[in-house]
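# Reading the structure
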Amino acid sequence: MRFLQLLLIIAFFFALVNAANASTKDFYQIKIYHLQNKEQEKIVEDYLENAYLPALHRAKIANIGVFKPIPSEESEKAEQLIYVFIPYPSVADYLQLDGILENDNKYLQDGANYLDAPHEAAPYTRIETILLTAFDRSPNFTKPALNSPYQERVYELRSYEGPTEKLYKNKVAMFNKGDEVGLFERLEFNAAFYGEVIAGGRMPNLMYLTTFDNKTSRDAHWDAFGKDEYWKELSAKTEYQNNVSHIDITFLYPVDYSDF
């Protein structure tokens, strides 16, 4: 049984590699560190800043985002989280990363405090991973064109779950064929990525990240979006009804050592 499961896993990843090689769409990973206290936060941040991101840069992986939830009454009561967004040119680049890191002596040395942490002093509670493939209409990561200090920025991560796989695909089509992506572009939402989730705890769903200089800018953009005539026309079409069952909105800001 275990051998069969291993074969299925291998077949799944080879299918992903073949699909990626047949297109020029990016492949995305979102890692979410779940932390219990400030000590864990310090260890993870030191690792990310001084070991992980430099090692990924050496591996020719750029535009890595590291974000934290914007402080609020709710976030103060919730567990501490750190989001790491990694854009890969292909699935193959994602699959080979662990092997590259295992042979990077500088990474192993710089990250030793995190990598060699004992079980009774683990640097996190868990790591959540979400894998995504880019939309057809927006096949590649776009670095946000913002001018404000990192601490003032508002990065809005949205997750749209569909009630069924078919209706979820309909929402994806609304972004692609219906050109909801184009609407965001015209209104200058500075979207960094749009992606279909292929592995994660909440499926079927899509995710995208829009970015703003500050909260005032964010609110003004969404106000314009809601009033836009094309959006009113698109959202009223019969073919695009009832294709979202749940929405999660997370407000983030980039840390000082984030690439964007």
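Whatever comes next refers back to the structure up there.
Read on for a plain summary of the structure. (Residues numbered from 1 in each chain as written. Predicted model: local features only at pLDDT ≥ 70, side-chain atom pairs only at ≥ 80, totals over all residues. Heavy atoms only, no water.)

Attention now goes to the packing of aromatic side chains. Enumeration over the complete set of coordinates arrives at 35 aromatic pairs. A ring pair is formed by F85 and F260, whose centres lie 6.1 Å apart and whose planes are at 90°; its orientation type is edge-to-face. On the criterion of sequence distance, the pair formed by F85 in strand β3 (residues 80-88) and F260 in the segment after β8 (246-254) is long-range, its members being 175 residues apart. Pair check on accessibility: F85 and F260 agree, each one buried. Note on F175 and Y194: the rings are 5.9 Å apart at their centroids and 55° apart in plane angle, and the pair reads as tilted. Placement of F175 in helix α7 (residues 165-176) and of Y194 in strand β6 (residues 193-199) is noted, with a sequence separation of 19 residues between them. This pair shows no difference in class: F175 is buried, exactly as Y194 is. An aromatic cluster is present here, built from F135, Y160, F175, F184, F189, Y194, Y208, F212, W222, F225 and W231 joined pairwise through their rings. (Phe/Tyr/Trp six-rings, centres within 6.5 Å; stacked < 30°, edge-to-face > 60°. Helix = DSSP H or I, 4+ residues; strand = E, 2+ residues; numbered from the N terminus. Buried < 20%, exposed > 50% of the residue type's maximum accessible area, 1.4 Å probe, protein only.)

Alignment of strand β2 (residues 65-69) against β8, held across 3 bridges, turns out to be antiparallel. Counted as the bridge partner of F67 is P254 from β8. Inspection of the sheet shows strand β5 (residues 154-161) paired to β8 by 7 bridges, in the antiparallel sense. Considered in β8, the bridge of Y160 is made with I247. (Pairing = 2+ DSSP bridges.)

As a further point, take the packing of helix α9 (residues 215-227) against helix α10 (residues 229-236). A pair of packed helices is characterised by two quantities: the angle between their axes and the separation of those axes. Orientation of α9 relative to α10, taken along the N-to-C sense of each, is 60°, at an axis distance of 5 Å. In terms of their interaxial angle, α9 and α10 are classed as oblique. Contacts between α9 and α10 involve F225, G226 and K227 on the former and, on the latter, E229, W231 and K232. Among the residues forming the contact of α9 with α10, the class breakdown is 2 nonpolar, 1 polar and 3 charged. (Axes fitted to C-alpha atoms, helices over the stretch in contact; angles between N-to-C directions. Parallel < 35°, antiparallel > 145°, perpendicular 65-115°, else oblique. Contact = heavy atoms within 4.5 Å. Nonpolar A, V, L, I, M, F, W, Y, C, P; charged D, E, K, R; others polar.)

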